[in-house]
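Examination of the molecular architecture
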Amino acid sequence: MSKPIALLSVYDKTDLLDLARGLDAAGVRLLGSGGTAKKIRDAGIAIEDVSDITKAPEMLGGRVKTLHPAVHGGILARNIPSDEKDLDTQGISPISIVVCNLYPFTETISQPTCTLANAVEEIDIGGVTLLRAAAKNHERVSVLSDPSDYTDFLKSWKEGNGDVGQSLRSKLALKAFEMTAKYDEAISGYFREQYATGDAPLAGHVQRMPLRYGANPHQKPAQAFVTDGQLPFKALCGSPGYINLLDALNSYALVKELQDALDLPAAASFKHVSPAGAAVGIELNDTEKKVYAVDDLKAPLTPLASAYARARGADRMSSFGDFIALSAPCDLATAEIISREVSDGIIAPGYSEEAFKILAKKKGGKYCVLEIDPTYVPPPVETKQVYGISLQQLRNNCKIDAKLFENVVTKNKELPSLAITDLIVATLALKYTQSNSVAYALRGGIIGLGAGQQSRIHCTRLAGGKADLWWLRHHPTVLNLAFKKGTKRAEKANAIDLFVSGEPLDGAEKAEWEDRFEGAIPTLSEAERKEWAAQLDGVACSSDAFFPFPDNVHRAKKSGVRYLAAPSGSVMDAECIRAADEHDLVFAHTSLRLFHH
């Protein structure tokens, strides 16, 4: 019976001699390529050259060593009569063990002096082919790609009299496949940088965008890329950061779904991967124009401009420095609103010529203007990495429309069309908000959103508190506040927020606040505030998961909520329904949880 054959071709020669001695002592015939064979032979261990079986010398400066039917036929042959006959006809011996690791491509490209030619020469061809061939045929062949496996392999080989068992062969095959996948990923990443980055000299389709840094300035390098096709967006002006793109892509997904669901243009104002506001293009009345500070806009308000005015005006303090998403091409009126606000950037499927001229002037020409392909559809599976561990799931592709709210579980079942619109807006906003989350909506826009709280009631209170402040901004006293000439929009927003919140001020802070106003500052008594709050009605409230206790229902009612939506599943569902009936609310139980992280 012929000796089993092991083919050895390694760059990393760690523990190579110990393995070779062990295999030789176990009666294994050794074949080696180039420097691997030389090192083993110089140690006094019997080994043949690969060329002894291929009858062909290494060529092209070492580029071709093991690429030959005598090698790969020996590796890929199965234990079946037809394969054995082919080997016999061609005079090829089966190979049982392949020991191989790869040229250090990653280490080479990390060198500051690495050239394109240097990188190309470090792309291993024969080694990858050996690994994949041996791993493919792991039913018969053992593939060793990691020196740390040599000792256990030798032990199993000796104990099994030349059969290490299918379990070990499978484990080693997986490791080889993972090595080649990681190797290919490094190569494609390098050439993506060289050939598919927007500012690269040889760039064709853009697959990669370098970023200044990651979430924080010390997190370098950073990039955005796709491995298939090309990036679905491009920067028309400025350059996005890592968090900008998190906001841009999440916010555009939200507004696209809003427009698809309601057939109205939509806008969102995002900060730190949650919406500060989101809305669809329902016409603003005169009071709303003043509340949202667009009553002096020269251009006529379009539905898209109305949507952004609502989104930005939902929570002006949180929207300061926002990233904006529009579901439709940006028009002049919308651009004029944006030009007056402090904002980091915008993403939209297009821009009118006059709108782009306005936006391109923001931040001295550095305002980030992204254009996204409206036909882009993301892959169905998404992957993220946390602490080195990859997590994968089906993308949240649930459809949110009027059907979601058909299961009304309260005595009051009257759900008008505008309330359904508001529930859709609130629920879609939750789909893209860090959980736990609760959203309040009215007249096609978010008016309060509680995001990222560990307890449901704190979400409901936070969102309700924001809705209360939003409503107080509609009070005639607030609308008639007089500011000194030259007071900036952001300063006005901050002063109004302090006024409606009733936060006690003293010292320099109070003096600075008072100095914003022209003349005597009016007051709102506690009774006036309560009287005004009682007039807020018809608000829709949605929750990304079930209400665990009826306190959420009671709190929502205090902020004018008339319509509720939340998944069922709480042991307290009956009590929550009873609380809703107590207030004559309409409560729809959905079948959809919307956690987002």
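Residues numbered from 1 in each chain as written. Predicted model: local features only at pLDDT ≥ 70, side-chain atom pairs only at ≥ 80, totals over all residues. Heavy atoms only, no water.

Moving on: the overall build of the protein. Scanning the protein from terminus to terminus reveals 24 helices and 20 strands. Its C-alpha atoms give the protein a radius of gyration of 33 Å, more than 25% over the compact-globule value 25 Å for 597 residues. For the C-alpha atoms alone, the extent of the protein along its principal axes is close to 100 × 55 × 45 Å. Across the 597 residues in the protein, those meeting the buried criterion constitute 48%. (Helix = DSSP H or I, 4+ residues; strand = E, 2+ residues; numbered from the N terminus. Rg over C-alpha atoms; globule rule 2.2 N^0.38 Å. Buried < 20%, exposed > 50% of the residue type's maximum accessible area, 1.4 Å probe, protein only.)

We now examine the environment of Ala451. Looking at the element boundaries, Ala451 is found in strand β17 (residues 445-451). Distance from Ala451 to Pro275, taken between C-alpha atoms, is 8.8 Å for residues 176 residues apart in sequence. Among all residues touching Ala451, those that are not within four sequence positions of it are Ser274, Thr433, Gln434, Asn436, Ser437 and Leu462. (Contact = heavy atoms within 4.5 Å.)

Attention shifts here to the sheet that holds strand β2 (residues 29-32). Read from one edge to the other, the open sheet built from five strands follows the order β3-β2-β1-β4-β5, with strand pairing classed as parallel. Only two strands of the sheet have a single partner each, and these edge strands are β3 (48-49) and β5 (142-144). Of the strand pairs in this sheet, strand β1 (residues 5-9) and strand β4 (residues 97-100) are connected by four bridges, and their pairing is parallel. From the neighbouring strand, Leu8 faces β4, where its bridge partner is Val99. (Pairing = 2+ DSSP bridges.)

Right, let's talk about the pattern of salt bridges for a bit. Enumeration according to the criterion identifies 28 salt bridges in this entry. In this structure, the salt-bridge partner of Asp468 is Arg555, at a minimum N-O distance of 3.2 Å. Here Asp468, found in helix α18 (residues 456-472), pairs with Arg555, found in helix α23 (residues 551-558); they are 87 residues apart in sequence, far enough to count as distant. When salt bridges that share partners are traced, they join Arg312, Arg316, Asp322, Glu341 and Arg489 into one network. (Salt bridge = Lys/Arg side-chain N within 4 Å of Asp/Glu carboxyl O.)

Let us now look at helix α2 (residues 34-42). Where α2 is concerned, the buried positions are Thr36, Ala37 and Ile40. Looking straight down α2, one finds that the buried residues subtend no more than 95 degrees of arc, so they occupy a single side. Opposite the buried face of α2, at more than 90 degrees from it, the exposed residues are Lys38 and Asp42. Directly beyond the C-terminal end of α2, a positive phi value near 85 degrees is found at Gly44. (Arc of directions from axis to C-beta.)

Contact pair helix α8 (residues 126-136) / helix α10 (residues 166-195): the axes reach a minimum separation of 9 Å and the direction vectors enclose 145 degrees. For the crossing formed where α8 meets α10, the hand is left-handed. On α10, the residues touching Val128, Leu131, Arg132, Ala135 and Lys136 of α8 are Ala173, Ala176, Phe177, Met179, Thr180 and Tyr183. Split into classes, the residues belonging to the contact of α8 with α10 amount to eight nonpolar, one polar and two charged. (Axes fitted to C-alpha atoms, helices over the stretch in contact; angles between N-to-C directions. Left-handed = near helix turned anticlockwise from the far one by under 90°. Nonpolar A, V, L, I, M, F, W, Y, C, P; charged D, E, K, R; others polar.)

This part covers a nonpolar patch on the surface. Where nonpolar side chains cluster on the molecular surface, the patch consists of Val386, Tyr387, Ile389 and Leu391 and spans about 490 Å² of accessible area. Looking at the secondary structure, you find Tyr387 in the loop between β14 (381-386) and β15 (389-394). (Patch = residues over 30% accessible without salt bridge, like charges linked within 9 Å, V, L, I, M, F, W, Y side chains within 5 Å. Areas by Shrake-Rupley, 256 points an atom, 1.4 Å probe, with all protein chains shown as cover.)

Assignment of secondary structure puts Leu505 in the loop between α20 (489-501) and α21 (507-514). Along the chain, Leu505 and Ile446 lie 59 residues apart, while their C-alpha atoms are 29 Å from each other. Residues in contact with Leu505, not counting those within four places in the same chain, are Leu498, Lys510 and Trp513.

Side chains that are nonpolar tend, in soluble globular proteins, to be buried together. In terms of nonpolar packing, the biggest core is built from 68 residues, with Leu326, Ile346, Leu359, Tyr440 and Leu564 touching the most fellow members. Beyond its immediate stretch of four places on either side in the chain, Leu564 contacts Leu423, Cys541, Phe547, Val553, Ala556, Leu585, Val586, Phe587 and Ala588. Membership of the second largest hydrophobic core comes to 52 residues, among which are Ala248, Ala268, Ile372 and Ala439. (Core = buried A, V, L, I, M, F, W, Y, C linked by side-chain atoms within 4.5 Å.)

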